[in-house]
Amino acid sequence: MTITQIIYWLELAGVAVFAITGALEASRRQMDVVGFILIATFTGIGGGTVRDVITGATPVFWIRDPAWVVTCIGAAVFTYFTAHLVERRYVALIWLDALGLAMFGVTGAAIGLNLGVSPLVAIILGMISATFGGMVRDVVCNEIPLILRPEIYISCALLGASIYVVGTALLDLPRGPVAFIAFFCAFMLRACAIKFKLSFPVYKARPGREY
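Counting restarts for each chain, with residues numbered from 1 along the sequence as it is written. Since the coordinates come from a predicted model, pLDDT governs what is reported: local features require at least 70, and pairs of side-chain atoms require 80 or more to be given and counted, while whole-chain, interface and lining totals use all residues. Calculated side-chain values reflect all of the structure's heavy atoms, with hydrogen atoms and water omitted.

**What to know about the environment of Val-50**
Here's step 1: A run of DSSP states H or I qualifies as a helix once it reaches four residues; a run of E qualifies as a strand once it reaches two. Both are numbered from the N-terminal end. Within the fold, Val-50 resides in helix 2 (residues 33–55).
Here's step 2: Three exposure classes are used, based on accessible area relative to the maximum for each residue type with a 1.4 Å probe and protein chains only: buried under 20%, partly exposed in between, and exposed over 50%. Its relative accessible area of 25% is what places Val-50 among the partly exposed residues.
Here's step 3: Residues Val-50 and Thr-82 lie 32 residues apart in sequence; the distance between their C-alpha atoms is 30 Å.
Here's step 4: Setting aside residues up to four positions removed in sequence, Val-50 forms contacts with Ile-128 and Phe-132. Pairs of residues are marked as contacts when any of their non-hydrogen atoms sit within 4.5 Å.

As structure tokens, this is what we get:
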């Protein structure tokens, strides 16, 4: 299997995982099956769509290959019939989101490098791919986006994307092992942030004024 095929299947797995988080959020909002599909699709393909639009890779990936949308629909329908079996749905959502965040941070950066962008831009594309789908999910469902909460979040995507880009583009290491290491590091950082509520120091000089 080539590295391009590996990235494709990792990206597809990431779409499925993110779509399930969207469907879990829809279950918490007690939506119908159409709402499940809508939120799951927004979440699953949102980040990749923004990435492709920014890089000019149009038509975007899910228009070129319907497997992405079919995956989102399948994940939504599956979750619609099984979400009631999950006792703590928000906890499941958070951990699945961490899995998708780590996957997309790496695959987004890899796709950026394949498009010929600079290493810095590839890292940014990895961060965009990893966070925008979840942001759309949270905004549409009237939740505070995870990216705006105090615990470490976007830095996990930054870590995974950076490890992949430095390892492959700058050090010319084998892409498969580097991708696995980058994913593992990104996921473990997010897992530690969830488990131990880790966060960076925040700005506390003074709050914003009301006008």
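**A closer look at the environment of Ile-37**
Here's step 1: Position of Ile-37 among the secondary structure elements: in helix 2.
Here's step 2: Judged by its relative accessible area of 25%, Ile-37 is partly exposed.
Here's step 3: For the pair Ile-37 and Ala-76, spaced 39 residues apart in sequence, the C-alpha to C-alpha distance is 5.1 Å.
Here's step 4: Here Ile-37 is in contact with Ile-73, Ala-76 and Val-77, once residues within four sequence places are set aside.

**Looking at the side chain of Thr-43**
Here's step 1: Following the sequence through the fold, Thr-43 ends up in helix 2.
Here's step 2: With relative accessibility at 0%, the residue Thr-43 sits in the buried group.
Here's step 3: Setting aside residues no more than four positions away along its own chain, Thr-43 makes contact with Phe-18, Thr-21, Gly-22, Gly-133, Gly-134 and Arg-137.

**Re the environment of Val-60**
Here's step 1: Assignment of secondary structure puts Val-60 in the loop between helix 2 and helix 3 (61–64).
Here's step 2: Expressed as a C-alpha distance, the spacing of Val-60 and Leu-198, which sit 138 residues apart in the sequence, is 36 Å.
Here's step 3: Ignoring sequence-local partners within four residues, the contact set of Val-60 consists of Thr-49, Asp-52 and Val-53.

**A few points about helix 5 (residues 89–114)**
Here's step 1: With 26 residues, helix 5 ought to run about 38 Å at 1.5 Å a step, and its terminal C-alpha atoms sit 36 Å apart, in line with that.
Here's step 2: Phi turns positive, to about 90°, at Gly-116, one or two residues after helix 5. Helix span, expected: 1.5 Å multiplied by one less than the number of residues in the helix.

**A few points about the UniProt feature "domain: Glycine transporter" (unreviewed entry) in the chain**
Here's step 1: UniProt positions are given in the numbering used here, feature names are shortened, and annotations may be inferred rather than shown by experiment. On the UniProt side, "domain: Glycine transporter" (unreviewed entry) is annotated at positions that read residues 8–83 and 95–166 here.
Here's step 2: The distance separating the terminal C-alpha atoms of residues 8–83 is 27 Å; by composition the span is 84% helix and 0% strand.
Here's step 3: Regarding residues 95–166, the helix share stands at 76% and the strand share at 0%, and the terminal C-alpha atoms are separated by 27 Å.

**Some details on the packing of helix 6 (residues 119–140) against helix 7 (residues 154–170)**
Each pair of packed helices can be summarised by the angle the axes make with each other and by the distance between the axes.
Here's step 1: As a packed pair, helix 6 and helix 7 sit with axes 8 Å apart at the nearest point and diverge in direction by 145°. Between helix 6 and helix 7 the crossing geometry is right-handed. Residues Pro-119, Ala-122, Ile-123, Gly-126, Met-127, Ala-130 and Thr-131 of helix 6 form the contact with helix 7, whose participating residues are Ile-154, Ala-157, Leu-158, Ala-161, Ser-162, Val-165 and Leu-170.
Here's step 2: Per-class residue counts for the contact of helix 6 with helix 7 are eleven nonpolar, three polar and no charged. In this analysis an axis means a line fitted to C-alpha atoms, helices contributing only their contacting stretch, and an angle means the value between N-to-C directions, from 0 to 180 degrees. The handedness criterion is simple: a crossing whose near helix is rotated anticlockwise from the far helix by less than a right angle is left-handed, and one whose near helix is rotated clockwise is right-handed. When residues are sorted by character, Ala, Val, Leu, Ile, Met, Phe, Trp, Tyr, Cys and Pro go into the nonpolar class, Asp, Glu, Lys and Arg into the charged class, and all the rest, Gly among them, into the polar class.

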